[in-house]
Amino acid sequence: MTMHSALIVDDHPLFCDALAMTLKAFVGIGRIETADRLEAAIDRLSGGALPDVVVLDLNLPDVHGMEGLVRIRQVAGQVPVVVVSSMADARVIGAALKAGAAGFVPKHSQRDVFRAAFDAIAEGRTYTPDTYVPVSESAAATPQEDALERLSLLTRQQARILQLICEGKLNKQIAWELSIAETTVKAHVTAIMRKLGVFSRTQAVLLAKEVDFAALALDQGSGT
């Protein structure tokens, strides 16, 4: 895989500029676009030719933690998504990989690390930092990790419907907003609850919020 274009999703202009220069000079990516909000990135990915790679920060103004990665993956299709974040402990990296990230690069990394990461991803390999030691498979998953794994099973449309349910919308309102039949919404809600392993809309909302709670806990423990 040859990477000619990239979309950087990060709300820090100086870091975006620095990363864009690094990708151009050290990785050879010539066309780079940026988005400072998740919704802007989703609009960009939904409305035109896809980039060769997406570079995503986990801390964005309109989304918390892994929720952003799950939603980007649902739109990006086969395009690899590389997480570049200052939150880089083993559980965060492991959760990002479970949610479908093609690689994880700590924000403080040197330029040669970025080059190694993108070289690996271009060759179809997953990249993790040299210091990364996976959490033992025998270790019990946290509620947040369990929620993330279940949420990653949703399709893009199902994730959008769950988001509207979390906003308190009724099936009729969701149908109107998405321009689909109410019976279609009901079928999606049934599928959502089945994939999440819950029996009510309230339980689905509570499970979805676990991802946000995970982000808040990580923010407090690791900084932004």
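Residues numbered from 1 in each chain as written. Predicted model: local features only at pLDDT ≥ 70, side-chain atom pairs only at ≥ 80, totals over all residues. Heavy atoms only, no water.

Side note on the pattern of salt bridges
Moving on, step 1. Applying the stated rule across the entire model yields 9 salt bridges.
Moving on, step 2. A salt bridge links Glu 123 to Arg 125, with the shortest nitrogen-to-oxygen separation between them at 2.7 Å.
Moving on, step 3. Salt-bridge contacts for Lys 169 lead to Glu 177; the nearest nitrogen and oxygen are separated by 3.0 Å.
Moving on, step 4. Look at Lys 169 and you get partly exposed, because its relative accessible area is 22%.
Moving on, step 5. Note on Glu 177: relative accessible area 33%, which makes it partly exposed. (Salt bridge = Lys/Arg side-chain N within 4 Å of Asp/Glu carboxyl O. Buried < 20%, exposed > 50% of the residue type's maximum accessible area, 1.4 Å probe, protein only.)

Regarding the packing of aromatic side chains
Moving on, step 1. Inspection of every chain in the model, using the stated rule, returns 0 aromatic pairs.
Moving on, step 2. The cationic tip of Lys 107 hangs over the ring face of Phe 15; the distance from NZ or CZ to the ring centre is 4.5 Å. (Phe/Tyr/Trp six-rings, centres within 6.5 Å; stacked < 30°, edge-to-face > 60°. Lys NZ or Arg CZ within 6 Å of the ring centre and 35° of its normal.)

Comments concerning the packing of helix α1 (residues 13–27) against helix α5 (residues 111–122)
Moving on, step 1. Here α1 crosses α5 at 65°, and the two axes come no closer than 10 Å. Taken as axis vectors, α1 and α5 run roughly perpendicular relative to one another. The chirality of how α1 crosses α5 is right-handed. Two secondary-structure elements touch here, α1 through Leu 19, Thr 22, Leu 23, Phe 26 and Val 27 and α5 through Arg 111, Phe 114, Arg 115 and Phe 118.
Moving on, step 2. In terms of residue class, the contact of α1 with α5 is made up of 6 nonpolar, 1 polar and 2 charged. (Axes fitted to C-alpha atoms, helices over the stretch in contact; angles between N-to-C directions. Helix = DSSP H or I, 4+ residues; strand = E, 2+ residues; numbered from the N terminus. Parallel < 35°, antiparallel > 145°, perpendicular 65-115°, else oblique. Left-handed = near helix turned anticlockwise from the far one by under 90°. Contact = heavy atoms within 4.5 Å. Nonpolar A, V, L, I, M, F, W, Y, C, P; charged D, E, K, R; others polar.)

Topic: the sheet that holds strand β2 (residues 31–35)
Moving on, step 1. Across the sheet, 5 strands lie side by side as β2-β1-β3-β6-β7; this open sheet has parallel pairing. Every other strand in the sheet has two partners, leaving β2 and β7 (103–106) as the edge strands with one partner each. Here the average twist between neighbouring strands, direction ignored, is 20°.
Moving on, step 2. Sheet topology places strand β1 (residues 5–9) next to strand β3 (residues 53–56); 4 bridges connect them, and they run parallel. The residue bridging Val 9 from the neighbouring strand is Leu 56, located in β3.
Moving on, step 3. Helix α3 (residues 66–76) rests against β3 and β6 (81–85) of the sheet, and its axis sits at about 155° to β6. (Pairing = 2+ DSSP bridges.)

A look at the UniProt feature "modified residue: 4-aspartylphosphate" (unreviewed entry) in the protein chain
Moving on, step 1. Under the UniProt annotation, "modified residue: 4-aspartylphosphate" (unreviewed entry) lies at Asp 57.
Moving on, step 2. Checked against the element boundaries, Asp 57 lands in the loop between β3 and β4 (59–60).
Moving on, step 3. Not counting the four nearest positions on each side in its chain, Asp 57 is found in contact with Val 9, Asp 10, Asp 11, His 12, Val 84, Ser 85 and Lys 107. (UniProt positions renumbered as here; feature names shortened; annotations may be inferred.)

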